Amino acid sequence: MHSLFDPGSPQARAVANLWWWMLAVGGAIWIGVTAASLYAAFARRGHREGDDLLHVPPETHHRLERVVSFAVLATIVILVGFLAYDFTVGRALAQHPERGMTIDVTGHQWWWEVLYENPDPSRRLLTANEIHVPVGEPVQFKLRAADVIHSFWAPNLNGKRDLVPGYMSTIWFKADTPGVYRGQCAEFCGLEHAKMAFYVVADPRPKFNAWLAAASQSHQTPTDSTLLSGERVFLSSGCAVCHAISGTQAFATVGPNLSHFGSRLTIAAGTLPNTRENVARWIFNPQLIKPGVIMPRVPLQPAQLSAVAAYLESLK
Ligand code: CUA
């Protein structure tokens with residue numbers, strides 16, 4: 001779901017209402033202007049051959065003056081009205097009513113790093129491209145960029161906010177409707193800007209807590225032989241040079257953190273649904289799916305490829 005017209009938070013609802021008012025007033029003005037133009041075009045037909053069209057009778061002149069003055073006044077009233085309305089909405093969006101949880105989001109070319117802060121550093125949760133939030137609670141986002149300017153935009157939940165290198169910006173929202181909302185980078189950031197999406201999963205508190213507990217579980221070395229060989233491939237074939245899976249020897253932070261990767265909805269920042277087949281296609285040649293992506297092609301035997309895909313899918 002990726003739409004301004006289906007708000008899932010009071011913030012997005014305020015933005016949508018502003019949009020509908022602008023459409024209604026703008027539409028009414030357009031109809032009025034069109035009607036006036038048509039009237040002007042056809043009213044001329046009433047004149048006879050030989051009339052002096054440049055001579056305007058005084059009573060018509062006065063009427064025209066009144067119409068123009070009214071139109072100028074109406075324009076000022078409408079513009080000032082929308083300025084005030086827009087200002088109120090902007091202020092309401094910027095104000096934090098109460099303190100809630102904080103999530104750090106860092107934009108990378110072309111994926112989103114998501115960090116759930118915790119006063120206990122061992123309980124910080126690092127994930128990517130998917131943000132789980134509890135419904136009915138304000139969530140503040142601290143936004144940073146690792147390379148170039150990106151923009152965080154989940155239209156069902158709030159407006160856009162830029163992520164600027166060397167600077168921290170913030171945005172917040174309070175989802176009031178459970179759902180899965182699509183977000184998208186909204187600032188051109190290079191070749192794969194369009195494939196830099198994310199998902200916000202808004203769940204009631206108990207379901208959110210269950211997700212949080214599952215996502216905080218430490219990794220268990222698989223007992224299944226295929227999965228175990230998949231883990232060996234992951235740790236020895238170059239994957240671990242860029243990625244991390246908590247509880248293993250892989251702790252690099254160049255690419256997305258893959259702990260609990262199997263529980264995510266999509267892969268490659270919203271590019272493909274998260275299935276074993278897609279994961280294998282992606283690892284086989286990332287450039288085919290996302291040309292320009294920084295992830296290199298890792299040469300693997302077919303058996304190694306399917307084992308590592310099965311292993312990643314097993315990380316729930
Ligand atoms: Cu990141 Cu566009």
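Novice: Let's hear about the packing of helix H1 (residues 10-43) against helix H2 (residues 58-94): which residues, and what values?
Specialist: The contact between H1 and H2 brings their axes to 9 Å, and the two run at 170°. In terms of orientation, H1 and H2 fall into the roughly antiparallel class. Of H2, the residues touching H1 (which contributes Gln 11, Ala 14, Val 15, Asn 17, Leu 18, Trp 21, Met 22, Val 25 and Ile 29) are Ile 78, Phe 82, Tyr 85, Asp 86, Val 89 and Leu 93. Taken together, the residues of the contact of H1 with H2 break down into 12 nonpolar, 2 polar and 1 charged.

Novice: So what's going on with the packing of aromatic side chains? Which residues, and what values?
Specialist: Aromatic rings in a pair are described by how distant their centres are and how their planes are angled relative to each other. If you walk through the whole model with that rule in mind, you get 11 aromatic pairs. With a centroid separation of 4.9 Å and an interplanar angle of 70°, the aromatic rings of Trp 112 and Phe 198 are classed as edge-to-face. One end of the pair, Trp 112, is in strand S2 (residues 111-116); the other, Phe 198, is in strand S10 (residues 197-203), with 86 residues separating them in the sequence. In this structure, Trp 112 and Phe 198 share a single accessibility class: buried. Note on Phe 141 and Phe 152: the rings are 5.2 Å apart at their centroids and 40° apart in plane angle, and the pair reads as tilted. Taken together, the residues Phe 141 in strand S5 (residues 139-145) and Phe 152 in strand S6 (residues 150-153) connect sequence positions 11 residues apart. Take Phe 141: its relative accessible area is 0%, and that puts it in the buried class.

Novice: Requested: an account of the nonpolar core, with residues and values cited.
Specialist: Among the nonpolar cores identified, the biggest contains 31 residues, and Ile 103, Tyr 116, Ile 131, Val 133, Phe 141 and Phe 152 are the most heavily contacted of them. Listing elements by their share of this core, those giving two or more residues are strand S1 (101-108), S2, strand S4 (130-134), S5, strand S8 (169-173), strand S9 (179-185), S10 and helix H3 (205-216). When residues no more than four places from it in sequence are discounted, the contact partners of Tyr 116 are Met 101, Thr 102, Ile 103, Arg 124, Leu 125, Thr 127, Ile 131, His 132, Phe 208 and Trp 211. Counting 26 residues, the second-largest nonpolar core is a separate cluster that includes Ala 240, Phe 261, Ile 289 and Leu 312.

Novice: Go over the environment of Val 114 with me, naming the residues and quoting the values.
Specialist: As for its placement among the helices and strands, Val 114 is situated in strand S2. What makes Val 114 buried here is its relative accessible area of 0%. The sequence separation of Val 114 and Asn 257 amounts to 143 residues, and the corresponding C-alpha distance is 9.1 Å. Setting aside its immediate chain neighbours within four residues, Val 114 contacts Ile 103, Asp 104, Leu 125, Leu 126, Thr 127, Ala 128, Asn 129, Glu 130 and Ile 131.

How each quantity is defined
- Residues numbered from 1 in each chain as written.
- Predicted model: local features only at pLDDT ≥ 70, side-chain atom pairs only at ≥ 80, totals over all residues.
- Heavy atoms only, no water.
- Axes fitted to C-alpha atoms, helices over the stretch in contact; angles between N-to-C directions.
- Helix = DSSP H or I, 4+ residues; strand = E, 2+ residues; numbered from the N terminus.
- Parallel < 35°, antiparallel > 145°, perpendicular 65-115°, else oblique.
- Contact = heavy atoms within 4.5 Å.
- Nonpolar A, V, L, I, M, F, W, Y, C, P; charged D, E, K, R; others polar.
- Phe/Tyr/Trp six-rings, centres within 6.5 Å; stacked < 30°, edge-to-face > 60°.
- Buried < 20%, exposed > 50% of the residue type's maximum accessible area, 1.4 Å probe, protein only.
- Core = buried A, V, L, I, M, F, W, Y, C linked by side-chain atoms within 4.5 Å.

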